[in-house]
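Report on the structure
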Amino acid sequence: MRMPEDIQGLAPTNSRYRALLDVSRAMVERPTVKAVVHSFRAVLSSSCRLHGAHLYILGSDGESLHLLEFDREADAPAIKIGTRISRIGEVARALEGLEPVFLPDVSQEMLKHPELAPFAAESVGRPTYVFPVSTSQQRYGLLVVTKDREQQFAAEDVELLRSLASHVAVAFEFALAKDNAELYQRQVVKERDRLRLLLEINNCIVSKLDLNELFRSASVSIRSYFGNDFAGFWLIDKQSNQLECVVLDFPSGKGLLLALERSELSDADHEKLCARVPEVLSIQDMEKLPSRIVEKLKAESITSMAIAPMMTASGPLGVITMGSRQPDNFRQEDLDLLSQISTQIALAVDNAIAYGRVTEARDRLEEERLYLESEIRSEYNFEDIIGKSAALRKVLDQVAIVARTGSTVLLHGETGTGKELFARAIHNLSQRRERTFVRLNCAAIPSGLVESELFGHEKGAFTGALMQKKGRFELADHGTLFLDEIGDISLDLQPKLLRALQEREFERLGSTKTIRVNVRLIAATHRDLQAMIRNNQFREDLFYRLNVCPIEIPPLRERREDIPLLVHYFVLRHSRQMQKRVKSVPKPAMEALVNADWPGNIRQLENFIERCVIFTQGDELNVLRTELKKPSVRSVASAAPSFEQAERQAIVDALIAASGRIAGKGGAAERLGLKRTTLQNKMNKLNISRAEYSG
């Protein structure tokens, strides 16, 4: 059956409109420019053959267009996407009039554009329509549709293409809106992540004052954002002009970068740091670094880096370095964030350093306060040096001369002559008088604890070390250290003391960190150190280090004219303490005091006067003259070896009486009034063997 002619004409038209509806439906489901452009041939296939469709988009300058998308036959000109043409000729007319422009032969128009001219010969005789792609809001560009040479554009084809151009404009508008929305979403996510990173680092700064903890926490946050493999935090050591690595966070590293613990700073490096400009280093840029650094980075497969200076108002503090095994892991747009991070951390570092200085000063003052309080509570017999004898004036002249030099002083004299008082006088006359005077009696502490007392210890260094402790050398930094009875220090400790004096550095017990100090040493002893050297009891090199400026403190019997002054001083002092009113000393009693032996020197004199004040009832001192006539138990006026022999014999006698027992009830320690450990130390020093006291 034959169809009527009007129905036959409607069939192709309906199919084309049905295809147009399909395109509209596809746009609703997936509104892409590419889908619309590639639907043209399907829409027009029932009436004519479409040779090509090209979509040109107007540039931001409004004077040029570039090819965004096309659909063409295999023999059509292969114009590359991105090709730019100028807004001239029929192109300009279509854009300005917003009406389709028909070109009977597109090659003539192509010759006007240098970018399209090479393809003109392939397009000779091809009819073309140029449709504006626009909406009521915006001009987007042009849709250029070309047919085969023997094909013509029917009126309904032009209408369809105009509709399709509108579809393209809408699709383009949708695509732009979608792209803008996705771009905005990406920017929001990126800004959220950026703010989260800054907040995390800020929380680290607020919650952590320790630099190591701060850097390690910050490196975790940085790695989660940048995806870097390592982060290093370097601070400038101003004394050595080097960058020192404080923390290197490299979980997957081989440990090779740990060898780059320190790095020299050149003038150019200083200029870069002061410029406050972070930089991204590609693998080519990394080749310009010092060879030893490049080798380590290559060994760890690091191919990209980012460096951000840490700066404060006072100058550069150091740098933050990040590295990645992924090429181009860091982008230029990351530099602003890196700069903010480095500024945050620099302020935290500056605060932490200031806090550390304040804490160190506070701790030092607290330790000095506690030490001085203990000094005040301890036995301290003199408030000033009392006397005017020639022997005393000679010593005081020597003290005045040596005090200003800062040299090591060795005070020698019998026990009870006031060696500590002269040591304090040297300190008070020196340039160190504003700092601490620290003392240590080497004979009063068990030999096993002297090292800890001198150099300090770390927590857990030995049984009973429950916390870190600073030694006397640290307490006396920039001050004066007085070591009384230096002759009692053990032989195994003497080399460490010598090193501390010569190098001005030491390590705490249980630590490998070297501590440098500036300490003036004053030593004192009643023993003959040269005789001890001959007996292999004292190191000769340590003796020469101590014996820079020896001062001999005279015993009381060599300065008898000072005894009346000392007597009156002690009477006044103790009578006030006991709330008594002792006003005078009988002349015969004073003469007896002046002529007494005083083997215990000033200490013995003070104790005797205190005893006299106790038994005085009136305002005249009751001098116990019968005690002055008693012979001394042992004379300490003899040379040090005689004293040692007497002490040795007393210990041997006590051991024999105790049947060789050292400790326990009735043991030698109890008989001598000594602790077991003290007695054992003395036995070791005096080389007392079991054969001497055992039956």
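Residues numbered from 1 in each chain as written. Predicted model: local features only at pLDDT ≥ 70, side-chain atom pairs only at ≥ 80, totals over all residues. Heavy atoms only, no water.

**Comments concerning the packing of helix H19 (residues 563–577) against helix H20 (residues 587–595)**
Applied cut-off: Lines fitted to the C-alpha atoms define the axes, with helices restricted to the stretch that makes contact. Angles between their N-to-C directions range from 0 to 180 degrees. Every helix listed is a DSSP run of H or I at least four residues long, and every strand listed is a run of E at least two residues long, numbered separately from the N terminus. Two helices cross in a left-handed way if the nearer one is turned anticlockwise from the farther one by less than a right angle. They cross in a right-handed way if the turn is clockwise. Contacts are residue-level and defined by heavy atoms, with any inter-residue pair within 4.5 Å sufficient.
Where H19 meets H20, the axes come as close as 9 Å, and the angle between the chain directions of the two elements is 115°. In this structure, H19 meets H20 at a crossing whose hand is right-handed. Residue-level contacts link Ile563, Pro564, Val567 and His568 of H19 to Met590, Leu593 and Val594 of H20.

**Quick look at the pairing of strand S13 (residues 409–412)**
How we decide: Here, any two strands with at least 2 DSSP bridges between them count as paired.
Judged from the four bridges that link them, S13 and strand S20 (residues 520–525) form a sheet pairing that is parallel. Along S20, the bridge assignment pairs Val409 with Ile522. Across four bridges, the pairing between S13 and strand S21 (residues 549–552) is parallel. The partner of Leu410 across the bridge, within S21, is Pro550.

**A short note on the packing of aromatic side chains**
What counts here: Each Phe, Tyr or Trp ring (for Trp, its six-membered ring) is paired with any other whose centre lies within 6.5 Å, and the angle between the two planes then decides the class: stacked below 30 degrees, edge-to-face above 60, tilted in between. Buried residues are those whose accessible area, probed at 1.4 Å on protein chains only, stays under 20% of the maximum for their type, while exposed residues exceed 50% and partly exposed ones sit between those limits.
As enumerated under the stated definition, the model contains 13 aromatic pairs in all. Aromatic side chains Phe215 and Phe233 sit 4.5 Å apart centroid to centroid with 10° between the ring planes, which places their arrangement in the stacked category. With a gap of 18 residues between them, Phe215 in helix H7 (residues 211–226) and Phe233 in strand S7 (residues 230–237) connect regions that are remote in the sequence. Accessibility assignment for this pair places Phe215 and Phe233 in one class, buried.

**A short note on empty space enclosed by the protein**
Our working rule: A 1.4 Å probe that fits but cannot get out identifies a cavity on a 1 Å grid over protein atoms alone, an open set with protein on both sides within 12 Å along at least five of seven lines counts as a pocket, and a residue lines either if it has an atom within 4 Å of a point. Grid points are joined across faces, edges and corners, and a volume is the space filled by probe spheres set on the points. Residue polarity is assigned by list, with Asp, Glu, Lys and Arg as charged and Ala, Val, Leu, Ile, Met, Phe, Trp, Tyr, Cys and Pro as nonpolar; anything else, Gly included, falls into the polar class.
Evaluation of the coordinates by the stated rule reveals four cavities of 30 Å³ or more. Its boundaries defined by the atoms lining it, the largest cavity holds a volume of some 320 Å³. As for the largest cavity, its lining consists of 23 residues, and the residues nearest its centre are Tyr56, Val106, Met110, Val144 and Thr146. Residue assignment for the lining of the largest cavity shows that the elements contributing at least two residues are strand S1 (50–58), helix H4 (89–97), helix H5 (106–110), strand S5 (128–134) and strand S6 (139–147). The element contributing the most residues to the lining of the largest cavity is S1, with four residues. Taken together, the residues of the lining of the largest cavity sort by class into 13 nonpolar, seven polar and three charged. Considering the residues around the second largest cavity, the lining is formed by ten residues, among which Ile385, Leu421, Phe422, Arg559 and Ile602 are closest to the centre.

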